[in-house]
Amino acid sequence: MAERLNYQCKFEKYKEELIRLRRHFHRHPELGLQEFETSAFIQEYLGKLGYRFRIVEPTGIIAEHPCQDEAAFAGKKKVVLRAEMDALPIQEQTGLSYASENAGVMHACGHDGIVASALVLARILAEEGEVFPVRMRFLFEPAEEIGEGAKRMLAAGALDGEPDIFLMFHYAVDQSFGMAVHEGQASAMINGMEIRVHGKSSHWCEAQKGIDSIYGAAQVINAIHDLNENYGREHPDAGKYILGIGTVQGGKYTNIIADHVVMNGNIRAAYEETYHALKKELEEKLVEIGQQTGTQITMDFPKEPVYPFANDDGLVDIACQVGNKIFGDRFILEGEDELFLSGDNAYRYFRETKGLFAIFLAGIPGKSHPLHHNQFQIDEAVLPCSVEALYEIVKGI
């Protein structure tokens, strides 16, 4: 709560509205490119405020400030703010009164809070009209979790008109009530990988006639573990990184040697050069394991990587001033060594214009489960102050 900071949040009066909106979206989560009810709700909300908007098929929204007097915006800077709408394929286990009503789907990454905050900010700017010193455009982006949203929004003109600034924000739960901004690089380079291990099936009573793909897969997992443990020691300048396997599928029956295993995972690295070096080392290890186990191993990357992006220095300075004013010693300026190994398709926006990624800390002491956990929750008390911070950052540009 704002009282924790001995600071009177300017937008505390919108707290009930923020909570109402956030809980509505939390109760009705939708997966990427299926956010039809979410999009319809946002359109109705914005329409009542007078916003002009267009749809990016199937569910995305590009919304312009209600004021249609072009002269009123002459000479004003243009800012684009993004809010992601999609949820995750997770069965919620929070037990909250407003828990997901859609089986197997949950807002476990804070997008419900992001959309709620963006809508209330849109309301505030609509109330101020042309008096506000900046021209705002809101992007309600679908399918961020599956990396499809940004390119669709850009293709539809999300950054048309050469905006001066792109702004995005997230809610994190690793710390309680506060704000953080990265100095310099603000995201990691990541990609999903698929590793296939091919062996030869046989009855286990004739094991010598088969080639055990599960054994080969186990060696691959061990090799990935070794890379995680040792690569940084051998390369002190590698920065943060991680390789991981999330799913393993193989085998058909207890008495049959498995002839095929499929593993899906990801590579994440703070630096692009480290990402490529890890990929090369893993490829070499897979060749060695194949030779040692008699298996044939392939590794593919079904999609292009999600590239890193960096915060603009000038915008970081503005965010620091705002963060210190509102959050006091609960504001954190983080260096690249503190980089969270997340990626975001928002790198596509940062390629087109300078930008800022702000993080609002919303952990609940004793209840802080990580992102994408089935008990993930955020502290709603931070919402009014986060909206004020966004407002002040935009105003100060």
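Conventions and cut-offs
Residues numbered from 1 in each chain as written. Predicted model: local features only at pLDDT ≥ 70, side-chain atom pairs only at ≥ 80, totals over all residues. Heavy atoms only, no water. Helix = DSSP H or I, 4+ residues; strand = E, 2+ residues; numbered from the N terminus. Rg over C-alpha atoms; globule rule 2.2 N^0.38 Å. Buried < 20%, exposed > 50% of the residue type's maximum accessible area, 1.4 Å probe, protein only. Contact = heavy atoms within 4.5 Å. Axes fitted to C-alpha atoms, helices over the stretch in contact; angles between N-to-C directions. Parallel < 35°, antiparallel > 145°, perpendicular 65-115°, else oblique. Left-handed = near helix turned anticlockwise from the far one by under 90°. Nonpolar A, V, L, I, M, F, W, Y, C, P; charged D, E, K, R; others polar. Pairing = 2+ DSSP bridges. Core = buried A, V, L, I, M, F, W, Y, C linked by side-chain atoms within 4.5 Å. Polar contact = N/O pair within 3.5 Å; in protein donor to acceptor, adjacent residues only side chain to side chain. Salt bridge = Lys/Arg side-chain N within 4 Å of Asp/Glu carboxyl O.

A. Representation of the overall build of the chain within the structure. The helix and strand inventory of the chain stands at nine helices and 12 strands. On C-alpha atoms alone, the chain measures out to a radius of gyration of 24 Å, which is about the 21 Å that the 2.2 N^0.38 rule sets for 397 residues. For the chain, the spread of C-alpha atoms along the three principal axes comes to 80 × 45 × 45 Å. Counting over 397 residues, the chain shows a buried share of 53%. For the chain, the proportion of contacts with a sequence separation of at least 24, taken over those separated by at least 6, is 80%.

B. View of the packing of helix α1 (residues 15–27) against helix α3 (residues 111–128). Look at α1 against α3: their axes get within 8 Å of each other, and the N-to-C directions meet at 140°. Classified by the angle their axes make, α1 and α3 are oblique. Between α1 and α3 lies a crossing of right-handed hand. Across from Glu 17, Leu 18, Leu 21, Arg 22, Phe 25 and His 26 in α1, the residues of α3 making contact are Asp 112, Gly 113, Val 115, Ala 116, Ser 117, Leu 119, Val 120 and Arg 123. Split into classes, the residues belonging to the contact of α1 with α3 amount to seven nonpolar, three polar and four charged.

C. Expanded view of unusual backbone geometry. Residue Glu 57 is joined to Pro 58 through a cis peptide bond whose omega torsion reads 5°. Looking at the element boundaries, Pro 58 is found in the loop between β1 (52–56) and β2 (60–64). Look at Leu 33: it is not a glycine, yet its phi comes out positive at around 70°. Within the element layout of this structure, Leu 33 appears in the loop between α1 and α2 (36–49). Positive phi is not limited to glycine here, since Glu 162 has a value of about 50°.

D. A look at the side chain of Ser 39. Mapped onto the secondary structure, Ser 39 falls in helix α2. What makes Ser 39 buried here is its relative accessible area of 3%. Beyond its immediate chain neighbours, meaning those up to four positions away, Ser 39 contacts Thr 59 and Ile 61.

E. Representation of the sheet that holds strand β3 (residues 77–84) within the structure. The eight strands lie next to each other as β1-β2-β4-β3-β5-β12-β6-β11, forming an open sheet whose pairing is mixed. Both outer strands of the open sheet, β1 and β11 (331–334), are each paired with one neighbouring strand and no more. Mean inter-strand twist for the sheet, computed between neighbouring axes without regard to direction, equals 25°. Its contacts with the sheet put helix α9 (residues 383–395) on β3, β4 (134–141), β5 (165–176), β6 (178–182) and β12 (355–363), and the angle it makes with β5 is roughly 150°.

F. Representation of the sheet that holds strand β9 (residues 260–269) in the model. The strand order across the open sheet built from four strands is β8-β9-β7-β10, with neighbouring strands paired in antiparallel fashion. Whereas interior strands pair on both sides, the edge strands pair on one side only; in this sheet they are β8 (241–250) and β10 (296–300). The average undirected angle you get between the axes of adjacent strands in this sheet is 20°. Note: strand β7 (residues 189–198) against β9, 10 bridges, orientation antiparallel. Bridge pairing in β9 links Met 193 to Gly 265.

G. Local environment of the nonpolar core. One finds Phe 138, Phe 140, Met 179 and Phe 327 to be the most contacted residues of the largest nonpolar core, which totals 72 residues. Here Phe 140 is in contact with Ile 42, Leu 46, Gly 60, Ile 61, Ala 83, Met 85, Val 115, Ala 118, Leu 119 and Met 153, once residues within four sequence places are set aside. Counting residues in each nonpolar core, the second largest holds 27 residues, with Met 168, Ala 172, Ala 180 and Ile 190 among its members.

H. Representation of the side chain of Ser 213. Summarising the element assignment, Ser 213 is placed in helix α5 (residues 213–234). From its side chain, Ser 213 meets the backbone nitrogen of His 260 in a polar contact 3.0 Å long.

I. The arrangement of the pattern of salt bridges in detail. Applying the stated rule across the entire model yields 20 salt bridges. Lys 10 is paired through a salt bridge with Glu 392; the nearest N and O atoms lie 2.7 Å apart. Within this pair, whereas Lys 10 is found in the segment before α1, its partner Glu 392 is found in helix α9, the two being separated by 382 residues in sequence. Its relative accessible area of 13% is what places Glu 392 among the buried residues. Between Glu 101 and Arg 27 there is a salt bridge; the shortest N-O distance is 3.6 Å. Separated by 74 residues along the polypeptide, Glu 101 in the loop between β3 and α3 and Arg 27 in helix α1 bring together distant segments of the chain. Classification of Glu 101 by relative accessible area gives exposed; the value is 54%. Accessibility expressed as a relative area gives 24% for Arg 27, which makes it partly exposed.

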